[in-house]
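Descriptive structure summary
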Amino acid sequence: MFARIRKSAFGPALCGLFLVLAIVVSHPVAEMGLDDDWSYIWSARVLADTGHVVYNGWSAAMLGWQLYLGALFFKIFGFSFFIARVSVLVVAVATIMLAQRLLVRLGVNEWNATVGALMIALSPVFLSVAFSFMSDVPGFFCIVLCFYSCARAIQASTTRKAIGWLVFAALSNAVGGTVRQLAWLGALVMVPSVAWHLRRRAGIPIVAAALWLISVGMIGWSMYWFRHQPYSLTDALVHMPHGRVGGVLKNIVLRNSLAICFFVLPIITAFIVKLPFRDRLTRFEATALLSAFAVVGLLGLIFSKQISFELEFTSSTVINRGLTSGSGILGVQPDVLPYDCRMVLTLLTLAALSGFILFLLNVSKIQRPHWKGKATFTWSSTFAMFGPFTMAYIVLLVTRTNIFDRYLIPLIFVAVVGLLRLYEERVGGRLPLLTVALILMFGTFGVAELHDLYARDRAVLAITNEVLSTGVTRSEIRAGFEYDAWTELENSRYVNDSRLMVPTGAYKIHPMRQGLSPACQSWFSGLMPSLNIHYALAYDQSTCYETSSFAPVSFQAWLPSHNRTLYVQRVP
């Protein structure tokens, strides 16, 4: 018994350990906001100090229990940005460990389940939010927990146990989804679809209908409460920002599907190495594919200035300037991934996808051992759990105005589930070491990106502290979106977002600063009207502003270019 427990605990513990080590190696220490987490950290601090949930004009996510978790950590360890992010790291570790156990329950062997969970943990898109106070990881945890509970319901030996797991899945998701509204797809879509799959068991349809009505009531009340909170933001459930169906299709094909294929590339390659290359037709098809991609790659290198052929990754992680691209600091940042590198990634992703299709066409030629997966978890059960949820998630995703790659984490996990189940059935055995090597390469890139982000933020703090030491106030410094947003909260307690509806008249139109061209004004200037900028940070000696007397601050990055500098310029 103890040996079995030790065996089942080793994989999850290994995944959690690798995630923590990756975060520690990146040295993620900087006492300032990261992406949007400055807003959430502020609300958690107010909750810890006053006992009240207070929003500040930036959060469209309800945040729910995440705020209480952050407040608890502040009560125990004291307030800091670092402590807030540690609380989410705990959730991230729990999520990865639960994902590993879920994969095992779906019929994936221990080794492959551990490799699959490790791929999620070390993915650059997951690492970028695993140590932040963003709501992506807590929301993903609620989704994985609902998946796990539904899997237990399907595999339950008695109807009573199945009903118990469905009740837990629905109610835990209705409560847990308060952290991020998209997580409510578990109670609204996943649980009903699994209940329909189990409809022949007596009592389950009636219980499922009651659970759905209870969930709708809880969710409706939560949304009503949130909509009437001062300085909360509400966003339309579905809208069409791309103007026409063609824009949506482009968004799906180029921005989502290809990005997901890239992030699951380590597992896709496992299918390619199992191709029956001894078969003459297979060798011919593989050679033709490689030749075609080689020609396209050569043309791309030759005519790189005339054409733009690169994988249209969603923003904020795998892009030309890395995680620091959205800070709003003026000047030209170095290309972390130049055009040639991005084109190679495009070709590799498309080639791997073509190789996977080639595998499916030749799967009948592959000798595979007898599959010993969970007999109670068929493909129809898998579809009941993942299919309707995935379709609903995609519909809500592709109609968003801004799509960030962190939104793809649940879909990446669904892709991992499907690929590992297919590998288990059609190939069998362990995933190759090549898959592990690629996962470690992805993780290395993600760690380097995270390191460079925090190294930049430490440089921002160092150079702004130097300016502040001369008597300049924080409101007179423009140091990027996250830094300036915290300044605005200290001054006004909320940011001036046009979506603000409560209280009435909170949003006020803020005119652009006179005497400066639009290119010299940050995109977030209107959000922060209390700032009276006299100094601004820049990545180079921008022509927008004048040179100041403050010395620049340099910092070391792990990704190119390695030597980077921040300058202080005087705003006329």
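Let me begin by describing the structure that accompanies this report. Source: prediction; values computed, not measured.

Assigned secondary structure in the protein chain consists of 18 helices and five strands. Counting only residues that meet the buried cut, the protein chain has 55% of its 572 residues in that class. Of all intrachain contacts in the protein chain linking residues separated by at least 6 positions in sequence, the fraction that spans at least 24 positions is 79%.

Following the criterion strictly, the structure yields five cavities of 30 Å³ or more and no others. Computed from the structure, the largest cavity encloses a volume of approximately 100 Å³. Lining the largest cavity we find Asp136, Gly139, Phe140, Ile143, Arg180, Leu182, Ala183, Tyr393, Arg406, Tyr407, Ile409 and Pro410. When contributions to the lining of the largest cavity are tallied by element, the ones reaching two or more residues are α7 (136–155) and α16 (409–426). Ranked by the residues each element gives to the lining of the largest cavity, the list is headed by α7, at four residues. Class assignment for the residues of the lining of the largest cavity results in eight nonpolar, one polar and three charged.

Looking now at the pairing of strand β5 (residues 563–570). Pairing of strand β2 (residues 535–538) with β5 involves four bridges; the strand directions are antiparallel. Among the inter-strand pairings, Tyr535 is bridged to a residue of β5, identified as Arg570. In this structure, strand β3 (residues 546–547) lies alongside β5, joined through two bridges in antiparallel fashion. From the neighbouring strand, Thr547 faces β5, where its bridge partner is Gln569.

A few words now on unusual backbone geometry. Here the bond from Val502 into Pro503 is cis, since omega is -5°, no more than 30 degrees from zero. With respect to the element layout, Pro503 can be found in the loop between α18 (481–492) and β2. One non-glycine residue, Tyr231, lies in the positive phi region at around 65°. Assignment of secondary structure puts Tyr231 in the loop between α10 (204–227) and α11 (245–263).

How each quantity is defined
Each chain carries its own residue numbering, running from 1 in the written order of its sequence. Since the coordinates come from a predicted model, pLDDT governs what is reported: local features require at least 70, and pairs of side-chain atoms require 80 or more to be given and counted, while whole-chain, interface and lining totals use all residues. Side-chain measures here rest on the full set of heavy atoms in the structure, leaving out hydrogens and waters. Put simply, DSSP H or I for four residues or longer makes a helix, DSSP E for two residues or longer makes a strand, and each gets a number counted from the N terminus. Burial status follows relative accessibility: with a 1.4 Å probe on protein chains alone, a residue under 20% of its type maximum counts as buried, one over 50% as exposed, and anything between as partly exposed. The contact criterion used throughout is that any non-hydrogen atoms of two residues lie within 4.5 Å. Of the grid points, spaced at 1 Å and generated over the protein atoms alone, those admitting a 1.4 Å probe that cannot get out make up cavities, while open sets with protein on both sides within 12 Å along at least five of seven lines make up pockets; any residue with an atom within 4 Å of a point is treated as lining. Grid points are joined across faces, edges and corners, and a volume is the space filled by probe spheres set on the points. Note on residue categories: nonpolar means Ala, Val, Leu, Ile, Met, Phe, Trp, Tyr, Cys or Pro, charged means Asp, Glu, Lys or Arg, and polar means any other residue, Gly included. Strands are labelled as partners when DSSP assigns at least two bridges between them.

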